[in-house]
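Now for the letters of each chain:
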Amino acid sequence: MSSPTRVVIVGGGAGGITVAARLANSGESLKIQIVEPSDKHYYQPLWTLVGAGVFPREESERNEADFIPPGVEWVKDFVESFQPDQNRVTLRDGRQLEYDYLVVSPGLQINWQNVKGLKEAVGKGGVCSNYDYNTVDSTWEAIRNLKSGNAVFTQPSGVIKCGGAPQKICYLAEDYFRQHGVRQQVNVIFASAAGMIFPVDRYRPSLERVIERKGIQTLYEHDLCEVRASTKEAVFRRPDGSEHAVRYDMLHATPPMGPPDFISRSPLADAGGWVEVNKHTLQHARFANVFGLGDASSLPTSKTGAAIRKQAPVLVENLLAQRAGKPLVGSYDGYTSCPLVTGYSGMILAEFDYDKQPAESFPFDQSQERYSMYLLKKHALPNLYWHGMLRGRA
Ligand code: FAD
C-alpha cells in the first residue's frame, strides 16, 4: 500500500482550519499537519459587536484544540521559513517538516508601529481599536464613557482585513451616543485615507445616506500618521504631504496592516510580500505543490472570512486534482462579503466579486439597511462559522 500524501498547512485560523476540515472529510489518503502556535482561535468578525458592547470578547474565542479535525496533527509552533525547492518548512524550534503539498494561510500582520505613538497609546486615554483581542474591550469602554467632544474613527491606506469594519464601529458608536442622550454633545468624525466611503458602486449611495442621516463628518484622504496622546491629537497625512491635526476625546484607530514578515522574506512572496497565488486556482505562481488562501494571499479581493469560505473548496478541489494529475478546474471568482452594520438594528450585506459586481445571496435588495441582516450578523454568521465553515461543511 502506498504511503499517504503529506499535506502541511501553515496557520490554523479561518483559512487553515477550513481547508484542513475539507481535506480530512475528502476520504483521500492524506497525512495532514497544521502548524499553529496559538492555543486559541478567534472569530474576529465578532470584534465589531464586542467593541460596541453587544458581546463580551470571550464569546469570540475558542480553544484551537477543539477545531483541529480528527486525524489531523497539530504542530504547535511558528513556521520560520520556507524551502519550497526541497518541499520543506522550518519551524521556530529548528525542526523541519517535509510535505508533498503545502497550504499557506497565516493571516496578515498588524503594523501598529507604522503610526507614530499608536502602539503606546492604544488601550487607554480614549484611544482604542477593534483590531486586536487585547484592545477590543477598550473600544466599548471609550464609547460608553464619552459624554461630549470629538469621537474620531480612522481607516488607513493600504490593504486591511474587512475593509468595512472601520466604518461599522463608527455607525454603532453614533447609534449608542444617540440612544444615550449624548449625541448632541458629540461630534462624530470618520477619517479615511480613501477618497470615498466604499469602493463598490452598488452599496456606496446607501452608505452615503447613512452618513448624512447620522450627521457624521467625513474627512477623506486623511491617513492617520501620528497619535499625540499627551495633547489628544490625531495627526493625518494628506495626499499633498501636509499634516492636519484633529483633537480627539475618543479615537478608534484601525492600524495599518501588511503581509507577515516571514512571508515577505520567503521565496513564496510576490513583489508586495503576499503569497503569490493564481487568482482563480489558488495555486502558487512558481511552486505547483503550494497553494494559498486568506488574508496572507495575493488574491486581489477584500480580505474576509466570507471570502475564505468560497476560496477553501476551490483550493481543496484543485489540490486534489493536482495530486491526481488532472487539470485544475476549480475557479474562485473573488467573492467576498462585508456585513456593513449601520447601528444596533440595521445592516447592509455587501457581497461582490473581483469586478466589484454584486454577488448577492438573498432575493431582495441587499443595498438597503435591514434588521433581519443585523440578526444574521449577530446570530447566524457566528454559528455558520463555528459549526459549518470550520467543520468543512459550509
Ligand atoms: P487568521 O484567521 O487571522 O488566522 C491566521 C492564523 O495563522 C492565526 O491563528 C495565527 O496564529 C497563525 N499564524 C501566524 N503566524 C504564523 C506562523 N509563523 N506559523 C504558523 N501559524 C501562524 N471577515 C468577514 O468575513 N466578515 C466580517 O464582518 C469581518 N469583520 C472583521 C472585523 C474585524 C475587527 C477583524 C479584525 C476582522 C474581520 N474580518 C471579517 C476578517 C476575518 O476575520 C479575516 O479575513 C480572517 O480571519 C482571515 O483568515 P486567515 O486564515 O487568513 O487568517
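K.L.:
Tell me about the packing of helix H5 (residues 165–179) against helix H6 (residues 204–214), residues and numbers included.
P.N.:
As a packed pair, H5 and H6 sit with axes 11 Å apart at the nearest point and diverge in direction by 30 degrees. The angle between H5 and H6 falls in the class roughly parallel. Crossing hand, H5 versus H6: left-handed. Here Gln167, Tyr171, Glu174, Asp175 and Arg178 of H5 come into contact with H6, specifically with Leu207, Val210, Ile211, Arg213 and Lys214. Residues that form the contact of H5 with H6 fall into these classes: 4 nonpolar, 1 polar and 5 charged.

K.L.:
Go over the side chain of lysine 161 with me, naming the residues and quoting the values.
P.N.:
When you line up the elements, lysine 161 lands in the loop between strand S12 (149–155) and H5. As a buried residue without a salt bridge, lysine 161 has its nearest oppositely charged side chain in aspartate 295, at a separation of 4.5 Å. Side-chain polar atoms of lysine 161 contact the side chain of glutamine 44, separated by 2.7 Å. With residues near it in sequence (within four places) discarded, lysine 161 still touches Gln44, Leu108, Ile110, Tyr131, Met257, Asp295 and Lys303.

K.L.:
Please set out H5 residue by residue, giving values where relevant.
P.N.:
Under the 1.5 Å per step criterion, the end-to-end length of H5 is 21 Å for 15 residues, consistent within 8% with the ideal 21 Å. In terms of residue burial, H5 counts as a mostly covered element, since 13 of its 15 residues are buried. Backbone geometry just downstream of H5 places glycine 181 in the positive-phi region, at approximately 75 degrees.

K.L.:
For the domain arrangement of the protein chain, give the residues involved together with the corresponding values.
P.N.:
On domain assignment, one finds that the protein chain holds domain 1 (5–108 + 259–332) and domain 2 (112–257). Placing a centre on the C-alpha atoms of domain 1 and another on those of domain 2 gives a separation of 31 Å. Taken together, the contacts link 19 residues of domain 1 with 20 residues of domain 2. Per-residue buried area on domain 1 facing domain 2 is highest for Trp47, Thr48 and Arg57; these three make up 37% of the total on that side. There are 1 salt bridge connecting domain 1 and domain 2. The salt bridge involving aspartate 137 is made with arginine 57; its shortest N-O contact spans 3.5 Å. Scanning the region where domain 1 abuts domain 2 turns up 4 residue pairs in polar contact (both at pLDDT 80 or more).

K.L.:
Quick rundown of the sheet that holds strand S6 (residues 79–83)? Include the residues and the values.
P.N.:
On the basis of which strands lie adjacent, the open sheet formed by 3 strands has the order S6-S7-S8 and antiparallel pairing. Whereas interior strands pair on both sides, the edge strands pair on one side only; in this sheet they are S6 and strand S8 (96–98). Going across the sheet, the axis of each strand differs from the next one's by a mean of 25 degrees, ignoring polarity. Sheet topology places S6 next to strand S7 (residues 88–91); 4 bridges connect them, and they run antiparallel. Across the sheet, phenylalanine 82 pairs through a bridge with valine 89, a residue of S7.

Criteria and cut-off values
- Residues numbered from 1 in each chain as written.
- Predicted model: local features only at pLDDT ≥ 70, side-chain atom pairs only at ≥ 80, totals over all residues.
- Heavy atoms only, no water.
- Axes fitted to C-alpha atoms, helices over the stretch in contact; angles between N-to-C directions.
- Helix = DSSP H or I, 4+ residues; strand = E, 2+ residues; numbered from the N terminus.
- Parallel < 35°, antiparallel > 145°, perpendicular 65-115°, else oblique.
- Left-handed = near helix turned anticlockwise from the far one by under 90°.
- Contact = heavy atoms within 4.5 Å.
- Nonpolar A, V, L, I, M, F, W, Y, C, P; charged D, E, K, R; others polar.
- Buried < 20%, exposed > 50% of the residue type's maximum accessible area, 1.4 Å probe, protein only.
- Lys, Arg positive; Asp, Glu negative; His and termini not counted.
- Salt bridge = Lys/Arg side-chain N within 4 Å of Asp/Glu carboxyl O.
- Polar contact = N/O pair within 3.5 Å; in protein donor to acceptor, adjacent residues only side chain to side chain.
- Expected span 1.5 Å × (residues − 1).
- Domains from an automatic or database assignment.
- Buried area = accessible area lost by both parts, 1.4 Å probe.
- Pairing = 2+ DSSP bridges.

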